[in-house]
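Results of the structural survey
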There are 2 protein chains.
Amino acid sequence: MTALSEISTPAFVVDRAIAKANCDRMRAKAQMAGVTFRPHVKTHKTLEGARLQHGGPKGPITVSTLAEAEFFAEAGFDDITWAVPVAPSKLERALGIARKSRLILLVDHPDAFAALEEFAASHDASFDVMLKVDCGYHRAGVDPDARSSVELALSIARSNRLRLHGLLTHAGHSYHARDVDEIVAIANEERDAVARLGAVLADEGVHDLVCSVGSTPTMSVAPIGGVGEIRPGNYIFYDAFQAAIGSCRLSDCAAFVVATVIGVHDERGECIVDAGALALSKDAGPVHVDPETGYGVVCTLDGAPLPARLVSLSQEHGIVRWRGTNARPRIGDRVRIVPNHSCLTAALYGSYLVLDEGAIVEEWHPCRGW
Amino acid sequence: MTALSEISTPAFVVDRAIAKANCDRMRAKAQMAGVTFRPHVKTHKTLEGARLQHGGPKGPITVSTLAEAEFFAEAGFDDITWAVPVAPSKLERALGIARKSRLILLVDHPDAFAALEEFAASHDASFDVMLKVDCGYHRAGVDPDARSSVELALSIARSNRLRLHGLLTHAGHSYHARDVDEIVAIANEERDAVARLGAVLADEGVHDLVCSVGSTPTMSVAPIGGVGEIRPGNYIFYDAFQAAIGSCRLSDCAAFVVATVIGVHDERGECIVDAGALALSKDAGPVHVDPETGYGVVCTLDGAPLPARLVSLSQEHGIVRWRGTNARPRIGDRVRIVPNHSCLTAALYGSYLVLDEGAIVEEWHPCRGW
């Protein structure tokens, strides 16, 4: 049984008990609310993680890439939403997946709808489709209050080749919130955007659309209501960003990087660790909440936060600056670093070490690429 | 023969002719200066890239991880400097590599020296060592003007188990420069730091130390003189950051990401591309030169810069904002994006597509992990 003090660093470690508790809590919340639970798997991209999210061998999932869709379909996950608008050049691959698993595609533009319908007709295929709705994040999605959005939904609903499964939105702007109250307000926008458009479509005769929402901040802190499906993903690991805006406590963060001190510079109160930008990502973190935040939360190997700030990252070096303490590290000491953004940090590792009761008990091998 | 219009996106593409020209130019500069050419391979981490840098099957190289050292040693590269201070827990693996290839280790602290000497004695081994010197970057390295640095160098030189090969510095602060004049001034600091300490050590009877310098900005624009070895790395690809500070022209950038437009939002003058933080990295780029810079330079598929700014990245989405133009993209259009920091962007891909005369002619498979 390998301990954290013995693993090769930098390493990405998942605390299984914490991840399981996060998964159980979110799944129970969805069940209590009586909604479909379709967790996003993009944070971990592993079969083990998806099974922990569902508390069983499979269930509906959300993916961010076709590579994930293929990986999970191959492993028996047979109800997959690809939550990124589809480009025409990707339809051939999507059709290959849709022939073994249910694959729900996203559309948010008439040109994409036209390309999808033409492809389906020329390939004698049909597709499940959700209309992507913009609830205020202003990334992808149609305006829920525009007549053109109603027209696009009606076009999909009336297509012989496409089935309009529902309306999907993502409150990515919940990450701009500074506290729980702001997250709850955004959760209301998220729910109302799809509900409002759904009501207009019902008046037009299109019924039984699934209203799907879900960001980890909104699903973690706001009550679930008025929707049919939720799709949070980051909550399996959480991270320093989520803790800073109030989605979770720091102790709920289930993933961290273990790093070794490779340099000590007492004259400037700094040490160098072997976790740089390739081990942590250059996500700047919750600077809107704490402008003095660093590139992750530096803790003891046991997880107690240290009076230190990770001030700078280059490719393979991290510079940690100590805040007035005599307990400075020595070369060879180890720290754990809770990443700012666990999705981006996890993506830098070919495997994750899974910690349970103080020892590494297994490795998870994520899907990579697109 | 596959064209850029046909590849699956996002993809990391290397323009071989440009990379070769960058490699040939830097190698010729080193040869003209009569210095050892030990290019860093951390940007590309491929055998093909290292061979392009050397214009032949092998040569001295610099690596950033033990995984790279193992990968290149396995392929016959037999003179390797690991340019990150070594932690005691990594010595076992380092010794394994040093038994098949020359492996030069870095030391910048008396505790690391003591651990290395003790390890060497207990394993009946010896190591080549360079003293890491801080020339003003203030990351790793000893103060070139401190008496303690002289003492540490003398300790290494007098060790029975270690061979002091030389003094190594990295002017990472050249990346903070705003133009060529500032880079040249930093190149002088870089050279002077090791030369000054080398002169003191010569007075103490330690002669023939190799003075090794090298960052891509300083080696690209400043004359080489007064040193014995150079170690630039990023120059094989360059990137938008290097172009902004004057290390190269934008047309020298040999690596780029090809992305597809997956959403168009005319109402806010934006489109969405399928290259997000996992396809580009969240490196903020040369904000000290251009506060309005985005997450990469958006170009046509042929490489002509577009009047557009990559304003935001989430995991799999990039938001491109157009600057007052009628030539807006349509869904399915493709762009090339010159990354801010090619080292971090390359690291996100399992393979690179190599472009030559308009077609993808091969794939390079980089080393990953630590």
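Rules used in this analysis
- Residues numbered from 1 in each chain as written.
- Chains lettered and ligands numbered in written order.
- Predicted model: local features only at pLDDT ≥ 70, side-chain atom pairs only at ≥ 80, totals over all residues.
- Heavy atoms only, no water.
- Least-squares fit on C-alpha atoms with pLDDT ≥ 70 in both.
- Contact = heavy atoms within 4.5 Å.
- Pairing = 2+ DSSP bridges.
- Helix = DSSP H or I, 4+ residues; strand = E, 2+ residues; numbered from the N terminus.
- Axes fitted to C-alpha atoms, helices over the stretch in contact; angles between N-to-C directions.
- Buried area = accessible area lost by both parts, 1.4 Å probe.
- Salt bridge = Lys/Arg side-chain N within 4 Å of Asp/Glu carboxyl O.

Quick look at the relation of the copies chain A and chain B
- Least-squares fitting of chain A to chain B yields an RMSD of 0.0 Å, with the superposition described by an axial translation of 0.0 Å and a rotation of 180 degrees. This pairing of chains is accounted for by a two-fold axis. For chain A, the residue whose C-alpha comes nearest the rotation axis is Lys282 of chain A, separated from it by 2.8 Å.
- A shared interface surface links the copies, since 100% of the contact residues of chain A are contact residues in chain B too.

Thoughts on the sheet that holds strand S2 (residues 36–37) of chain A
All names here are of chain A.
- Strand order in the open sheet made by the 8 strands is S2-S9-S8-S7-S6-S5-S4-S3, with parallel pairing throughout. With partners counted over all chains shown, the strands left at the sheet margins are S2 and strand S3 (61–63), one partner each.
- Sheet topology places strand S4 (residues 79–85) next to strand S5 (residues 102–107); 4 bridges connect them, and they run parallel. Considered in S5, the bridge of Ile80 is made with Leu103.
- Contacting S5 and strand S6 (127–133), helix H4 (residues 91–98) runs over the sheet at an angle of about 150 degrees to S5.

Side note on the sheet that holds strand S2 (residues 36–37) of chain B
Residue and element names in this part refer to chain B.
- Strand order across the open sheet formed by 8 strands is S2-S9-S8-S7-S6-S5-S4-S3, with parallel pairing between neighbours. Among the strands making up the open sheet, the edge pair consists of S2 and strand S3 (61–63).
- Two elements, S2 and strand S9 (residues 229–230), share 2 bridges in a ladder whose sense is parallel. Paired with Thr36 across the strands is Glu229, a residue of S9.

Section: the interface of chain A and chain B
- Tallying the contact residues gives 53 residues for chain A and 53 residues for chain B.
- Between chain A and chain B lies a buried interface of about 4200 Å² when both sides are counted; carbon and sulfur atoms form 59% of it.
- Per-residue buried area on chain A facing chain B is highest for Arg139, Gln315 and Trp370 of chain A; these three make up 19% of the total on that side.
- With a shortest N-O distance of 4.0 Å, Asp134 of chain A and Arg268 of chain B are connected by a salt bridge.

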